[in-house]
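# Secondary and tertiary structure notes
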Amino acid sequence: MQKGISSREFTGSLKFDCGQDGVIVLADNAVSRDDRDTACTIGITTANLAKLITGKLNPMTGVMMGKLKVSGDARVAMKLGELLKA
């Protein structure tokens with residue numbers, strides 16, 4: 001993810017909330033594990049996050065199947081697709 005965010009401009013802030021496994025925050029063109037308020041939060045398991053990052057889980061299918069839950073500004077979540085193409 002850091003490679004994708006370093007090579008492209010990402011505006012906004014997004015948090016992957018993996019419950020007990022912690023969080024991953026994308027903000028200010030950087031990736032961190034420090035929990036903070038973000039414009040958008042995606043609730044997801046670490047297993048499904050790995051599938052999302054590797055392209056084995058389609059984001060829309062994941063939402064429809066309840067494998068990920070988006071709260072906050074969904075427009076920020078939609079920008080994630082560009083980063084994952086890297």
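Please read all numbers here as calculations on a predicted model, not as lab measurements.

Rules behind the numbers
- Residues numbered from 1 in each chain as written.
- Predicted model: local features only at pLDDT ≥ 70, side-chain atom pairs only at ≥ 80, totals over all residues.
- Heavy atoms only, no water.
- Helix = DSSP H or I, 4+ residues; strand = E, 2+ residues; numbered from the N terminus.
- Buried < 20%, exposed > 50% of the residue type's maximum accessible area, 1.4 Å probe, protein only.
- Contact = heavy atoms within 4.5 Å.
- Areas by Shrake-Rupley, 256 points an atom, 1.4 Å probe, with all protein chains shown as cover.
- Pairing = 2+ DSSP bridges.

This part is about the overall build of the protein chain. Each helix and strand in the protein chain was counted, giving 4 helices and 5 strands. Secondary structure of the protein chain in N-to-C order comes out as α-β-β-β-β-α-α-β-α. When burial is assessed residue by residue, the protein chain has 33% of its 86 residues classed as buried. Put simply, 59% of the contacts in the protein chain that link residues at least 6 apart link residues at least 24 apart. Roughly 5300 Å² of accessible area belongs to the protein chain as shown, and the carbon and sulfur atoms make up 53% of that amount.

Attention now goes to the pairing of strand β2 (residues 23-27). The buried count for β2 comes to 5 of 5 residues, which makes it a mostly enclosed element. Side chains of β2 alternate between two faces, with Val23, Val25 and Ala27 and Ile24 and Leu26 buried alike. One ladder, built from 5 bridges, connects strand β1 (residues 13-17) with β2; its direction is antiparallel. Bridge pairing in β2 places Lys15 opposite Val25. Linkage of β1 to β2, two consecutive antiparallel strands, is achieved through a turn of 5 residues, within which Gly19 is found at a positive phi near 60°. Inspection of the sheet shows β2 paired to strand β3 (residues 30-32) by 3 bridges, in the antiparallel sense. Paired with Leu26 across the strands is Val31, a residue of β3.

Honestly, that's just the spatial picture; any functional story needs more than this.
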